[in-house]
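Spelled out, the chains give:
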Amino acid sequence: MSHIAHSTTTSTARTERSATAAKAYAAFLGIGLVLLVVAPMFFYPIFLMKLLCFALFACAFNLLLGYTGLLSFGHATFFGGAAYFTAHVVKEWGVTPEIGILIGVAGAAMLGLIMGFFAIRRQGIYFAMITLALSQMFFFFCLQAEFTHGEDGIQSVPRGHLFGMIDLADTTSMYYFVLAVFLIGMIVIWRFINSPFGMILKSIRENEQRAVSLGYSVARYKLGAFVMSAALAGLAGGTKALVFQFATLTDVGWQMSGEVILMTLLGGIGTLIGPVFGAGLVVTLQNYLATSQFPVTIITGVVFMVCVLLFRRGIIGEFYASRLGRKLGFEHRR
Amino acid sequence: MTMIFGIPLQAFMGQLLIGLINGSFYALLSLGLAVIFGLLRVINFAHGAQYMLGAFVAMLMLQYFGINYWFALILAPIVVGLFGAVIERLLLSRLYKLDHLYGLLFTFGLALTIEGTFRYLYGSSGQPYAPPPQLTGATNLGFMFLPNYRGWVVVVSLIACIGTWLLIEKTKLGAYLRAATENPTLVQAFGVNVPMLLTLTYALGAGLAAFAGVLAAPVYQVSPLMGSNIIIVVFAVVVVGGMGSIMGAIVTGYMLGIAEGLTKVFYPEASNIVIFVIMAIVLLIRPAGLFGRDA
């Protein structure tokens, strides 16, 4: 009896706590949205659009690492692959931008299905090595294929008219289009994580054997998560191709796969918005260093090591685990 | 001219030799990866960077101290091995109790840092390193000319591979290593200094990579990018071989190197990706790898 009473009080306490967390979340979300809407008045819009694309890319990657526990070292394939597909169909076939992006997403999902099919046969470290090797294979494919134009890449891609009406050559229109894409992507991720499917993914992350013994076809769920993550990374990549109006080998190289891992690690693995902050930091740092002689790689490498050694929860994870974060009712376990 | 499968014998043997040389490096590197992984459960992403370091140390020793190839072949692995030991002791050892993926991420960061530093200091382009005067020239084998240095690379890497295998399978130190791989806690209870063993193993792996780097310096150019170019292929080799066995890593390395060389003869466009394709096929047929024990 006392046991039940005890459990009731704790569960009430938890509900109250998560209620404050929900309020805090809603408040942060509101502030964030307002900031994103007014941001182009204060910052260079191209920079903001780059940031949003990478933020979405990192969140898509986190879907796999943070919520399924799979470390992919090959996500550049989906990001850069979709960039190539979108750039190609928009430039050569003359389709509208939204169709171009959708084709990029479909292509990335297809690539995800193929890579995932092979990679989920092994776990942990092997999974990471297989994804890396397969994405390197895709890199060589892009280097030699006809439509990617090798070292030159696909250049001067027109942004076109959204739905055939709104001219995206206008930077302001383009910014709000990218913001809309970003928000749609985030809502999809949020829905996905909180769906029954997402719950099963978390259970696989926590204890794969138990998920198997409960009768779930773990391989199929992993593959589903992989394709989903690839498609969303493709959404980010396709959009990026329209923002910068080109698609090059940089986006499919292994360095890009490393970068997205860093963004996620820095922001907070397994937090919904952590990767957004991680992406913001990395992109800002790159922009800042782009004008100096000092190579970004050294900084990236050092930040990587520091994060792994001292800072594994990431920025948002540390915030959730801090006194203020706990007071607001956030929970973080990793 | 003698033809084989419609290809001039000369060209065929030449590519076969290049394949065998690449295979030697794959074997040495995947062997080091397997040794480190066996005990530390860390995939050493910095293995390529340590290979590059070996080549650079040899080149710098020649430039600044006039140390010749033969001493560099011994000294460079020691220098890089010591560097590895320091990294392991101070940093990497803090990660053993965590998920293994953190070890991969840490060594990835380490690789980026080393590569970035050398690119900053020496630029991205390669620099030549002359083979030792004793090994210049070529020998006529009757059906082809074998450059002496390339022959030496094949022979000495084979010796290094077999030597490492003997060290691990036949000596007392090797027995400790294998025992600690199976059950570190029990081995520690018997009074063996396991943390020291871990440091030694990492240093040995890094030293082997550097040894391969010195061997590679006269064949390829010494460039900061040489490490990251090869490490991804070596990962594929390791996935094909499975990291359960030392001999498996060696044999797979040579086999895939030769497969790559032969592809260059018959279908050059695919030579970059043939190892990845073989990896995919092996994953379909035998997910644990050709020599793997664990599923």
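As shown above, the structure is provided for reference.
One structure accompanies this document, and this report is about it.

### Regarding the overall build of chain B
The helix and strand tally for chain B stands at eleven helices and four strands. Against the compact-globule benchmark of 19 Å for 295 residues, chain B has a radius of gyration of 19 Å, which places it among compact chains. Looking at chain B residue by residue over its 295 residues, the buried ones come to 56%. Within chain B, counting contacts between residues at least 6 apart in sequence, those at least 24 apart form 78% of the total. When the accessible surface of chain B is summed, it comes to about 12300 Å², and 69% of that surface belongs to carbon and sulfur atoms. Taken together, the 12 basic and 8 acidic charged side chains of chain B have centroids lying 8 Å from each other.

### Looking at helix 11 (residues 274-290) of chain A
The end-to-end C-alpha separation of helix 11 of chain A is 24 Å, in line with the 24 Å expected for 17 residues at 1.5 Å each. Looking at the buried positions of helix 11 of chain A, the neighbouring elements they touch are helix 2 (45-68), helix 6 (171-193), helix 10 (254-267), helix 12 (296-310) and helix 13 (314-321) of chain A.

### A short note on the side chain of A:Thr300
By the secondary structure assignment, A:Thr300 is in helix 12. Taking relative accessible area as the criterion, A:Thr300 reaches 12% and is therefore assigned buried. A:Thr300 has contacts with A:Leu262 and B:Leu112, leaving out every residue within four places of it along the chain.

### Overview of the pattern of salt bridges
Residues and elements named next belong to chain A. Following the criterion strictly, the structure yields five salt bridges over all chains and no others. Measuring nitrogen to oxygen at the nearest pair gives 2.9 Å for the salt bridge that ties Arg205 to Glu206. A residue is classified by how much of its surface remains accessible, and Glu206, at 48% relative accessible area, is partly exposed. Between Asp251 and Lys240 there is a salt bridge, with its nearest N and O atoms 2.9 Å apart. Taken together, the residues Asp251 in the loop between helix 9 (218-244) and helix 10 and Lys240 in helix 9 connect sequence positions eleven residues apart. The same class applies to Asp251 as to Lys240, namely buried.

### Some points on helix 11 (residues 274-285) of chain B
Compared with an ideal rise of 1.5 Å per residue, which puts twelve residues at 16 Å, helix 11 of chain B spans 17 Å between its outermost C-alpha atoms and is within 8% of the ideal. For helix 11 of chain B, every residue scored as buried is listed here: B:Val274, B:Ile275, B:Phe276, B:Met279, B:Ala280, B:Val282 and B:Leu283. Buried positions along helix 11 of chain B lie against helix 4 (97-119) and helix 5 (124-144) of chain A together with helix 1 (9-40), helix 9 (226-241) and helix 10 (246-266) of chain B.

Conventions used here
- Residues numbered from 1 in each chain as written.
- Chains lettered and ligands numbered in written order.
- Predicted model: local features only at pLDDT ≥ 70, side-chain atom pairs only at ≥ 80, totals over all residues.
- Heavy atoms only, no water.
- Helix = DSSP H or I, 4+ residues; strand = E, 2+ residues; numbered from the N terminus.
- Rg over C-alpha atoms; globule rule 2.2 N^0.38 Å.
- Buried < 20%, exposed > 50% of the residue type's maximum accessible area, 1.4 Å probe, protein only.
- Contact = heavy atoms within 4.5 Å.
- Areas by Shrake-Rupley, 256 points an atom, 1.4 Å probe, with all protein chains shown as cover.
- Lys, Arg positive; Asp, Glu negative; His and termini not counted.
- Charge placed at Lys NZ, Arg CZ, Asp CG, Glu CD.
- Expected span 1.5 Å × (residues − 1).
- Salt bridge = Lys/Arg side-chain N within 4 Å of Asp/Glu carboxyl O.

None of the figures reported here should be taken as evidence of function without further support.
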